[in-house]
Amino acid sequence: MNSLSSVKSTLLWLLIPVMLMIMVASLLISAEELKQHANHAFDRTLAGALRSIEVNIRTESGGLSMEQPFYLLEFLELATQGSVYFRIATDDGLTEVGYPRIPMPEQELSNTPVFYNAEYFGGSVRVAAVAVLPKQSLHYNPEARIIIQVAETMQARDDFISQILWQSLRKDALVLGLFFILIYAGVLYAVRPLNTLSGHIK
């Protein structure tokens, strides 16, 4: 019986750590994928805000102006459950509308939105930025591009992601517990013929 107990222990010590490593790796991969999907969903909202602001920009007079997007900002604040800031400026910095000094990204801006994290007003924000050519050139600088930035505070986003991750972790932990039970029951079932053979030999 001691040898059978040794066989059972050996099987359990071989199978359980392997299954544990597989499950932990799966949990980490799932958590990262969930975080990316949630961030993409929030970022799409910011990208939509960029384009909505872009269509409200006016340069017909030769200067830069726009209709203040109060309703858009209110909608974004309801959707993101946080504070939202915007900035429209020429890339030479001579004209600016909205909140000043929203941090710029490290990479060069283009017509494709760029998303990045920054610090603003003493808190973490997620910023979307794009650089576009005006429909009509500005009188004082015909080559100037218009930079549009929209930033949202990160607290609501982080809370939402944490909630999703914890729900996923609880579900995966339950699956892991069931795997352990099945492995233990499988090992017991596997050594049953050895128990019968040992009895016959004795």
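Scroll up a little and you will see the structure.
These notes cover the structure that comes with them. Note that the coordinates shown come from a computational prediction; the quantities given were computed from them, not determined experimentally.

## Some details on the nonpolar core
Then, in step 1: Grouped together as the largest cluster of nonpolar side chains are 20 residues, with contacts concentrated most on I53, I88, I148 and V150.
Then, in step 2: Of all the secondary structure elements, the ones that give two or more residues to this core are α1 (2-55), α2 (70-80), β3 (84-90), β6 (123-132) and β7 (146-153).
Then, in step 3: When sequence neighbours within four positions are dropped, the list of residues in contact with V150 reads L46, A49, L50, I53, L76, V84, Y85, F86, R126, V127 and A128.
Then, in step 4: Core analysis: the next-biggest nonpolar cluster, separate from the first, contains 13 residues, I102, V125, V127 and A151 among them.

## Re the side chain of T95
Then, in step 1: In this structure, T95 sits in the loop between β3 and β4 (96-98).
Then, in step 2: Here the side chain of T95 touches Y140 through a polar contact of 3.2 Å, side chain to side chain.
Then, in step 3: Once residues within four sequence positions are removed from consideration, T95 is found in contact with L64, I88, A89, T90 and Y140.

## Brief notes about the pattern of salt bridges
Then, in step 1: As enumerated under the stated definition, the model contains five salt bridges in all.
Then, in step 2: E54 is the salt-bridge partner of R51, the closest N and O atoms lying 2.8 Å from each other. Here E54 and R51 lie together in helix α1, a separation of three residues that amounts to about one turn.
Then, in step 3: When its relative accessible area of 30% is taken as the criterion, R51 is described as partly exposed.
Then, in step 4: One salt bridge connects R87 with E96, and the closest N-O pair in it is separated by 2.5 Å.
Then, in step 5: Each member of the salt-bridge network shares a partner with another, and the members are D91, E108 and R145.

## Quick notes on the side chain of T59
Then, in step 1: On the secondary structure map, T59 appears in the loop between β1 (57-58) and β2 (65-66).
Then, in step 2: Judged by its relative accessible area of 5%, T59 falls in the buried class.
Then, in step 3: Polar contacts involving the side chain of T59 include one to the main-chain carbonyl oxygen of Q136, which spans 3.0 Å.

The rules behind these values
- Residues numbered from 1 in each chain as written.
- Predicted model: local features only at pLDDT ≥ 70, side-chain atom pairs only at ≥ 80, totals over all residues.
- Heavy atoms only, no water.
- Core = buried A, V, L, I, M, F, W, Y, C linked by side-chain atoms within 4.5 Å.
- Buried < 20%, exposed > 50% of the residue type's maximum accessible area, 1.4 Å probe, protein only.
- Helix = DSSP H or I, 4+ residues; strand = E, 2+ residues; numbered from the N terminus.
- Contact = heavy atoms within 4.5 Å.
- Polar contact = N/O pair within 3.5 Å; in protein donor to acceptor, adjacent residues only side chain to side chain.
- Salt bridge = Lys/Arg side-chain N within 4 Å of Asp/Glu carboxyl O.

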